[in-house]
There are 2 protein chains.
Amino acid sequence: MWRAYLHATTLLEDHLDRQLQRDAGMPHVYYGLLVHLSQAPRRRMRMTQLAKDAKITRSRLSHAVARLEKSGWVRREDCPSDKRGQNAVLTEEGYAVLRRSAPGHVNAVRQAMFDRLTPEQVGQLGEIMRVMAEGLQPADPKADLPWLR
Amino acid sequence: MWRAYLHATTLLEDHLDRQLQRDAGMPHVYYGLLVHLSQAPRRRMRMTQLAKDAKITRSRLSHAVARLEKSGWVRREDCPSDKRGQNAVLTEEGYAVLRRSAPGHVNAVRQAMFDRLTPEQVGQLGEIMRVMAEGLQPADPKADLPWLR
DNA sequence: ACGCTGTACTTGAACTTTCAACCTCACTCG
DNA sequence: CGAGTGAGGTTGAAAGTTCAAGTACAGCGT
């Protein structure tokens, strides 16, 4: 079963990465960042929050945003209320790319997963993934030290 | 559901990557290569075959083996029957690393997945992954051109 | 024997990710 | 206030991955 899991997940990831690189000119993770931004109020988000939502490190996000900025899809903006802060803002161009490539991507995902699974299986998989994620929640650093709370 | 899937799989991958980097000094993919080699007859395998089994490109494998060679865990060997060919050979040292780190890794996997899922869920997940993998099989390049067969 | 096509693998450059160090600003507390 | 602690974010270098091109041998047809 573990083998099957590894096999399937790597295949799917490679597949989607190629699809997006081809159709949208960016890897899957970067695409995910644009999606997150597009769904945020005013299409902008604080760096740390975006990193958390996308489950990547702040460092990785810094580099990623630098690249997306170079491509013109994201812009940085100083945060008015906290002088340390930065907002990542989805540009019009970035939004356009997203709109252009979203249908193809959604389609790729559907073809790869949903079309092949029965509705019950989709339900099962959802539940399983929720359980797994719960167990892997990057533990609150203080979780090990409850006496400090 | 798709969100849950992305969330859980990336969390798990990060988790295992860190675990192995810490305990075995290499990323998950490289560990997988050693495992494959360890299970092959005479602990050696042709490069292309290894790449296929591990689901990575030949290029990636070349670089990976170069690194593993530098670490002393794998050795290259000319293939006697085909002068173009190379065999990747697991060294004693490589085997030792594997033996040392396997229990911890197996344990990490168990804790992350199997301990949290019911036996039925494990069965369901296995079936689901098999279905997905089947649909993603890197298609035979000629698959699109059946008239050429 | 000759050239053609394809297989096996490597290489280098461009790109992405990680890791550890770093800077700046916010907050707390004596 | 002023020092200490820590949060927000960036940076540069090292490690890993991808992509396109390249070398060398195998195998086939003529």
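The structure reproduced in this document is the subject of the present report. (Residues numbered from 1 in each chain as written. Chains lettered and ligands numbered in written order. Predicted model: local features only at pLDDT ≥ 70, side-chain atom pairs only at ≥ 80, totals over all residues. Heavy atoms only, no water.)

**Considerations on the sheet that holds strand S2 (residues 74-78) of chain B**
All names here are of chain B. Rules: Two strands pair under a simple rule: DSSP has to find at least two bridges between them. In this description a helix means any DSSP run of H or I spanning at least four residues, a strand means any run of E spanning at least two, and both kinds are numbered starting from the N terminus. Axis definition: a line fitted to C-alpha atoms, limited for helices to the stretch in contact. Angles are taken between N-to-C directions and run from 0 to 180 degrees.
Within the open sheet, the 3 strands sit side by side as S1-S3-S2. Their pairing is antiparallel. Each of the sheet's edge strands pairs with one partner strand only, and the pair in question is strand S1 (44-46) and S2. The sheet shows a mean angle of 30 degrees between the axes of neighbouring strands, direction not considered. Pairing of S2 with strand S3 (residues 86-90), which is carried by 5 bridges, proceeds in the antiparallel orientation.

**Considerations on the relation of the copies chain A and chain B**
One chain copy maps onto the other through a rotation about an axis and a shift parallel to that axis. Stated precisely, the cut-off is as follows: Alignment of copies: least-squares fit on C-alpha atoms of residues with pLDDT of at least 70 in both copies. Between two residues, a contact is recorded if the distance between any of their heavy atoms is within 4.5 Å.
Between chain A and chain B, the superposition needs a rotation of 180 degrees and an axial shift of 0.0 Å, giving an RMSD of 0.0 Å. When the rotation and shift are considered jointly, the pair of chain copies conforms to a two-fold rotation axis. Both copies present the same face, since 100% of the interface residues in chain A are matched by interface residues at the equivalent positions in chain B.

**As for helix H1 (residues 2-24) of chain B**
All names here are of chain B. Formally: Expected span, for any helix, means 1.5 Å times one less than how many residues it has. We call a residue buried when its accessible area falls under 20% of the maximum for its residue type, exposed when it is over 50%, and partly exposed in between, using a 1.4 Å probe and counting protein chains only.
With 23 residues, H1 extends 32 Å from end C-alpha to end C-alpha; this agrees with the ideal 33 Å at 1.5 Å per step. Trp2, Ala4, Tyr5, Ala8, Thr9, Leu11, Leu12, Leu16, Gln19, Leu20 and Ala24 are the residues of H1 that are buried. One or two positions beyond H1, positive phi appears at Gly25, with a value near 75 degrees.

**As for the sheet that holds strand S3 (residues 86-90) of chain A**
Residue and element names in this part refer to chain A. In spatial order, the strands read S1-S3-S2; together these 3 strands make up an open sheet with antiparallel pairing. The outermost strands of the open sheet, each flanked by one partner alone, are strand S1 (44-46) and strand S2 (74-78). Sheet twist, expressed as the average angle between the axes of neighbouring strands with direction ignored, equals 30 degrees. On top of the sheet, helix H2 (residues 28-39) reaches S1, S2 and S3; it is set at about 95 degrees to S3, its chief contact.

**Overview of the packing of aromatic side chains**
All names here are of chain A. Under the convention used in this document: Two rings from Phe, Tyr or Trp (for Trp, the six-membered ring) form a pair when their centres are within 6.5 Å of each other. A pair whose planes differ by under 30 degrees is stacked, one over 60 is edge-to-face, and the rest are tilted.
Enumeration according to the criterion identifies 2 aromatic pairs over all chains in this entry. Geometrically, the ring pair formed by Trp2 and Tyr5 is stacked, given 5.3 Å between the ring centres and 10 degrees between the ring planes. Here Trp2 pairs with Tyr5, and both are found in helix H1 (residues 2-24), just 3 residues apart, close to one helical turn. On the basis of relative accessible area, Tyr5 is assigned to the buried category, the value being 3%.

**Comments concerning the pattern of salt bridges**
Using the following cut-off: A side-chain nitrogen of Lys or Arg and a carboxyl oxygen of Asp or Glu constitute a salt bridge if their distance falls within 4 Å.
Applying the stated criterion to the full structure yields 16 salt bridges over all chains. Arg130(B) is the partner of Glu127(B) in a salt bridge, and the nearest nitrogen-oxygen pair spans 3.7 Å. Of this pair, Glu127(B) and Arg130(B) are both found in helix H6 (residues 119-136), 3 residues apart, which corresponds to roughly one turn of the helix. Classification of Glu127(B) as partly exposed rests on a relative accessible area of 38%. Each of Arg44(A), Arg75(A) and Glu77(A) takes part in a single network of salt bridges with overlapping partners.

**Regarding the protein's contact with DNA strand C**
Condition: Proximity criterion: a residue is near a molecule or strand once any of its heavy atoms comes within 4 Å of it. Nitrogen and oxygen atoms within 3.5 Å of one another constitute a polar contact, given that in protein one can donate a hydrogen and the other can accept it, and given that sequence-neighbouring residues count only through two side-chain atoms. Under the grouping applied here, Gly and all other residues not named as nonpolar or charged are polar, the nonpolar ones being Ala, Val, Leu, Ile, Met, Phe, Trp, Tyr, Cys and Pro and the charged ones Asp, Glu, Lys and Arg.
Around DNA strand C sit 22 residues, and of these Ser59(A), Arg60(A), Thr48(B), Ser62(B) and Arg76(B) come closest. Between DNA strand C and Tyr30(A), the relevant distance is 3.2 Å, taken from a phosphate oxygen to a side-chain nitrogen or oxygen of the residue. Those elements giving two or more residues to the surface near DNA strand C turn out to be H2 and helix H4 (58-70) of chain A together with helix H3 (47-54) and helix H4 (58-70) of chain B. Along the lines of polarity and charge, the residues of the surface near DNA strand C split into 4 nonpolar, 8 polar and 10 charged.

**Focus: the nonpolar core**
Our working rule: As used in this record, nonpolar core signifies buried Ala, Val, Leu, Ile, Met, Phe, Trp, Tyr and Cys residues forming a set joined through side-chain atoms within 4.5 Å.
Formed by 40 residues in total, the largest nonpolar core has its most connected members in Leu12(A), Leu125(A), Met129(A), Leu12(B), Leu125(B) and Met129(B). Mapped by element, the contributors of at least two residues to this core are H1, helix H5 (92-114) and helix H6 (119-136) of chain A together with H1, helix H5 (92-114) and H6 of chain B. Dropping the residues within four chain positions of it, Leu125(A) is found in contact with Met113(A), Leu117(A), Met1(B), Tyr5(B), Leu125(B), Ile128(B) and Met129(B).

**Looking at the side chain of Arg44(A)**
Tracing the backbone through its elements, the reader meets Arg44(A) in strand S1. Here Arg44(A) is in contact with Leu37(A), Glu77(A), Ala88(A) and Val89(A), once residues within four sequence places are set aside.

**Details of the protein's contact with DNA strand D**
For DNA strand D, the set of nearby residues contains 22 residues, the closest of which are Thr48(A), Ser62(A), Arg76(A), Ser59(B) and Arg60(B). Between a base oxygen of DNA strand D and a side-chain N or O atom of His63(B), the distance comes to 3.0 Å. Elements represented by at least two residues in the surface near DNA strand D include exactly helix H3 (47-54) and H4 of chain A together with helix H2 (28-39) and H4 of chain B. In the surface near DNA strand D, the residues fall into 4 nonpolar, 8 polar and 10 charged.

**Structural notes on the interface of chain A and chain B**
Applicable threshold: Take the accessible area each of two parts loses on contact, using a 1.4 Å probe, and add the two losses: that sum is the buried area.
Counting residues at the interface gives 45 residues for chain A, matched by 45 residues for chain B. Summing both partners gives a buried area of about 4100 Å² for chain A against chain B, and 75% of it is carried by carbon and sulfur. Here chain A is connected to chain B by 0 salt bridges. Scanning the region where chain A abuts chain B turns up 2 residue pairs in polar contact (both at pLDDT 80 or more). Looking at the side of chain A that touches chain B, the elements that each hand over two or more residues are H1, H2, H5 and H6 of chain A.

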